Amino acid sequence: MDVVIGPLDLAAHVDEALAVQAAAFGLGPDEVAVRRQIVLRHMTHPGARALGATAGGDLVGFVYGMPNDRAHWWSTVVEPYLRAQGNDAWLDDSFVITELHVHPAHQSRGAGRSLITTITDSVPEPRSILSAIDTESPARGLYRSLGYQDLARQVLFPSAPKPYAVMGAPLPLRGPRDRPGGT
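Calculation notes
- Residues numbered from 1 in each chain as written.
- Predicted model: local features only at pLDDT ≥ 70, side-chain atom pairs only at ≥ 80, totals over all residues.
- Heavy atoms only, no water.
- Helix = DSSP H or I, 4+ residues; strand = E, 2+ residues; numbered from the N terminus.
- Rg over C-alpha atoms; globule rule 2.2 N^0.38 Å.
- Contact = heavy atoms within 4.5 Å.
- Core = buried A, V, L, I, M, F, W, Y, C linked by side-chain atoms within 4.5 Å.
- Buried < 20%, exposed > 50% of the residue type's maximum accessible area, 1.4 Å probe, protein only.
- Pairing = 2+ DSSP bridges.
- Axes fitted to C-alpha atoms, helices over the stretch in contact; angles between N-to-C directions.
- Polar contact = N/O pair within 3.5 Å; in protein donor to acceptor, adjacent residues only side chain to side chain.

Engineer: Go over the overall build of the protein, please, and point to the residues and values.
Structural biologist: Counting its secondary structure elements, the protein contains five helices and seven strands. Scanning the protein from its N terminus toward the C terminus, one meets helices and strands in the order β-α-α-β-β-α-β-α-β-α-β-β. The C-alpha atoms of the protein give a radius of gyration of 15 Å, which matches the 16 Å a tight globule of 183 residues would have. Considered along the principal axes of its C-alpha atoms, the protein spans approximately 45 × 35 × 30 Å. At a minimum sequence separation of 6, the contacts of the protein that also span at least 24 residues come to 67%.

Printed below as a string of structure tokens:
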């Protein structure tokens, strides 16, 4: 089944998106409820945007992000880790990929690559930053293939059970684009 990438009114489809995230990330109902409020709040920030991946009319993946603001919670948590590595300037003039998730049944078919390259291709910022669980994974492999590099590792977020890595890449992202059957 072909996956179509397009604009997503994330506030209107938050429950569908969080069902994808829950399946991809193994979230329980309590965590989904917390994330629902976070997503809705994020979508009110200036410059916030979202894209969805649909197959047969069903949402099977999504990405959203916004221009970074050092006053946002995420930035305040990662800033000391980035500063310790001499990378805190990445917090300025960057577009943050806040969430990127593809349902497990649709992973490794290019949807994640298409989502992240499409959303970053349309932003004015010269670079992108994100955080990912600090372990070797298909997601981190995808990010590296697009030009993201580790800026800080072993970043601890309150209430997160595992450490994260903060990664950054200049825009536009490099690598194969819109490649059917790609990562």
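Engineer: So what's going on with the nonpolar core? Which residues, and what values?
Structural biologist: By size, the foremost hydrophobic cluster in this structure holds 24 residues, and its most contacted members are I97, I116, L130, Y143 and Y148. Residue assignment for this core shows that the elements contributing at least two residues are β2 (49-55), β3 (58-67), β4 (94-102), α4 (111-121), β5 (127-133), α5 (138-145) and β7 (164-170). Setting aside residues up to four positions removed in sequence, Y148 forms contacts with I97, I116, T120, S128, I129, L130, Y143, M167, G168, A169 and L173. Counting residues in hydrophobic clusters, the runner-up holds 14 residues, among them V77, W90, I129 and V155.

Engineer: An account of the sheet that holds strand β1 (residues 4-7) is requested, with residue identities and associated values reported.
Structural biologist: Taking strand neighbours across the sheet as the criterion, the seven strands line up as β1-β2-β3-β4-β5-β7-β6 in an open arrangement whose pairing is mixed. This sheet does not close on itself; its edge strands, each paired only once, are β1 and β6 (149-155). Sheet twist, expressed as the average angle between the axes of neighbouring strands with direction ignored, equals 25°. Examined bridge by bridge, β1 and β2 share four bridges and lie antiparallel to one another. Opposite G6, over in β2, you have G52 as the bridge partner. Against the sheet, helix α3 (residues 73-84) contacts β4, β5, β6 and β7, and its axis sits at roughly 100° relative to β6. Sheet strands in contact with α4 are β1, β2, β3, β4 and β5, and its direction is about 155° off that of β4.

Engineer: Report on the environment of D134, specifying residues and quantitative values.
Structural biologist: With respect to the helices and strands, D134 occurs in the loop between β5 and α5. It is 4.8 Å that separates the C-alpha atoms of D134 and A165, two residues lying 31 residues apart in sequence. With sequence-adjacent residues up to four places away left out, D134 is seen in contact with R140, R153, Q154, P163, Y164 and A165. Among the polar contacts listed, one links the side chain of D134 to the side chain of R153, at a separation of 2.6 Å.

In short, shape yes, function no, at least from these values alone.
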